Amino acid sequence: MCQNVSKKDDVKVNNNNEDNTNINNLGAMKHSKLSPYLLSKGSDEHKKRKNIKGEIDFIQRKYNSRMKSGISRLYELQPDPYDATQRRSMRVCVFTEVKNVNELMEMVRTGEIDAALIKAELVVEPFVLLAAANRAVHQAAHNRMSTRSLSAELIYSLSPTRNISESLINFGISEGSENLIVCVFDDAKGSKMVKLSKKIKGKPVKFEKWMELVHYPSIKKLYNLKTSDLKSEDLCDIIANQIVSKDMIN
């Protein structure tokens, strides 16, 4: 069975600027203009404002409900337990129904986005993602990265092959991607993820949804697995071993 990975904390992610603005405006109206002490209960104006208050409360409940469904998790990384210089952190959030993939790809190309945008269908569980992240951090600490950035190295590390271009195409964001795992390094407070989420036209979801997105036939093909491997309790270990052992292949 894939191992459970503990998280350090989580933060709520809001990726809807318009809703946030509306809520702030309505909240200001609620506090400054809807005092129940200024109007008699029987007046038409009171009834009108009572209805407005009800609408505000409904919108806020709907808004808060959506916020709770989108959280990111922070994981601590330290590939070498005896080398504190390799200690890093990585914040992870899952997005579904992403509508602006081409725009995001362009922002990655121009450097406007410094994050790993990974196809959610190809990562079995957080354990596999963290195995790749630890490899990437280790390579960076020893100046042995095969790619130009830590985010790209993470995507490359998920692949069982040493073909850089093929690895980035297979596991990274591409045209047609709809579900993404977004990873940001060194974001303890979550401010980077919150800022990035505003650029993603998609829905942040709970981690439980991640497991529903996994496409096992594609994973079987990419990692050259047997059908029995997919049913094995050691599936995550099998994949993690391929991630680590590719550095030992000449």
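- The name given to the protein chain in an unreviewed UniProt entry is TP53RK-binding protein, with Strongyloides papillosus as the source organism.
- Within the UniProt record for the protein chain, the comment given under Sequence similarities (unreviewed entry) is "Belongs to the CGI121/TPRKB family."
- Quoted straight from UniProt, the Subcellular location (unreviewed entry) entry for the protein chain says "Nucleus".

### Looking at the overall build of the protein chain
Okay, step 1: Summing up its helical and strand segments, the protein chain has 11 helices and 6 strands in all.
Okay, step 2: Per-residue burial over the protein chain gives 43% buried out of 250 residues.
Okay, step 3: Taking the contacts inside the protein chain whose residues are at least 6 apart along the sequence as the reference set, 74% of them involve residues at least 24 apart.
Okay, step 4: Entry remark: accessible area of the protein chain is about 14,300 Å², with carbon and sulfur atoms responsible for 49%.

### Observations regarding the nonpolar core
Okay, step 1: In terms of nonpolar packing, the biggest core is built from 41 residues, with M90, I118, L129, L154, I181 and C183 touching the most fellow members.
Okay, step 2: Of all the secondary structure elements, the ones that give two or more residues to this core are β2 (71-77), β3 (88-96), β4 (116-119), α4 (126-141), α5 (150-158), β5 (180-185), α8 (207-213) and α11 (235-245).
Okay, step 3: Examining the composition of this core, we find that 9 residues originate from one element, α4, more than from any other.
Okay, step 4: Not counting chain neighbours up to four residues away, the residues in contact with C183 comprise M90, R91, V92, A115, A116, I118, L129 and L154.

### Observations concerning unusual backbone geometry
Okay, step 1: At E97, a position not held by glycine, the phi torsion is positive, near 55 degrees.
Okay, step 2: You can see E97 is positioned in the loop between β3 and α3 (101-110).
Okay, step 3: Residue D186 is not a glycine yet carries a positive backbone phi of 55 degrees.
Okay, step 4: Residue placement: D186 occurs in the loop between β5 and α7 (191-197).
Okay, step 5: Given the relative accessible area of 33%, D186 is considered partly exposed.

### Description of the layout of surface pockets
Okay, step 1: Roughly 530 Å³ of volume is contained in the largest pocket.
Okay, step 2: Lining the largest pocket are 19 residues, and of these V108, R109, A152, I155 and L168 sit closest to its centre.
Okay, step 3: By residue class, the composition of the lining of the largest pocket is 11 nonpolar, 5 polar and 3 charged.

### With respect to the packing of aromatic side chains
Okay, step 1: Counted by the stated rule, this structure contains 2 aromatic pairs.
Okay, step 2: Note on F207 and W210: the rings are 5.5 Å apart at their centroids and 70 degrees apart in plane angle, and the pair reads as edge-to-face. In this pair, F207 and W210 both sit in helix α8, 3 residues apart, roughly one turn of the helix.
Okay, step 3: Residue class for F207 comes out buried when judged on its relative accessible area of 5%.
Okay, step 4: One residue, R73, lies across the ring of F207, its end atom 4.3 Å from the ring centre.
Okay, step 5: A cation over an aromatic ring shows up here: K246 above the ring of Y156, its NZ or CZ 3.5 Å from the ring centre.

### Describing the pairing of β4
Okay, step 1: Burial along β4 is two-sided: the face carrying A116 and I118 and the face carrying L117 and K119 are both buried.
Okay, step 2: Here 4 bridges tie β4 to β5, and the two strands are oriented antiparallel to one another. Bridge pairing links K119 to L180 in β5.

### Thoughts on the pairing of β3
Okay, step 1: Counted residue by residue, β3 has 8 buried out of 9 residues, so it is predominantly covered.
Okay, step 2: Across 5 bridges, β2 lies against β3 in antiparallel orientation. When the bridges of β3 are listed, L77 appears paired with R88.
Okay, step 3: Bridge count for β3 against β5 is 6 bridges, and the pairing is antiparallel. Bridged to M90 within β5 is F185.
Okay, step 4: Here β3 pairs with strand β6 (residues 203-205) via 3 bridges, running antiparallel. Across the sheet, F95 pairs through a bridge with P204, a residue of β6.

### Overview of the packing of α4 against α5
Okay, step 1: Relative orientation of the contacting elements α4 and α5 amounts to 125 degrees, with a least axis distance of 8 Å. Considered as vectors, α4 and α5 are oriented oblique to each other. In this structure, α4 crosses over α5, and the sense of that crossing is right-handed. Contacts between α4 and α5 involve V128, L129, A132, A133, R135, A136, V137, Q139 and A140 on the former and, on the latter, L150, E153, L154, Y156, S157 and L158.

Parameters at a glance
- Residues numbered from 1 in each chain as written.
- Predicted model: local features only at pLDDT ≥ 70, side-chain atom pairs only at ≥ 80, totals over all residues.
- Heavy atoms only, no water.
- UniProt positions renumbered as here; feature names shortened; annotations may be inferred.
- Helix = DSSP H or I, 4+ residues; strand = E, 2+ residues; numbered from the N terminus.
- Buried < 20%, exposed > 50% of the residue type's maximum accessible area, 1.4 Å probe, protein only.
- Contact = heavy atoms within 4.5 Å.
- Areas by Shrake-Rupley, 256 points an atom, 1.4 Å probe, with all protein chains shown as cover.
- Core = buried A, V, L, I, M, F, W, Y, C linked by side-chain atoms within 4.5 Å.
- 1 Å grid on protein atoms, 1.4 Å probe; cavity = no way out; pocket = protein on both sides within 12 Å on 5 of 7 lines; lining within 4 Å.
- Points joined across faces, edges and corners; volume = space filled by probe spheres on them.
- Nonpolar A, V, L, I, M, F, W, Y, C, P; charged D, E, K, R; others polar.
- Phe/Tyr/Trp six-rings, centres within 6.5 Å; stacked < 30°, edge-to-face > 60°.
- Lys NZ or Arg CZ within 6 Å of the ring centre and 35° of its normal.
- Pairing = 2+ DSSP bridges.
- Axes fitted to C-alpha atoms, helices over the stretch in contact; angles between N-to-C directions.
- Parallel < 35°, antiparallel > 145°, perpendicular 65-115°, else oblique.
- Left-handed = near helix turned anticlockwise from the far one by under 90°.

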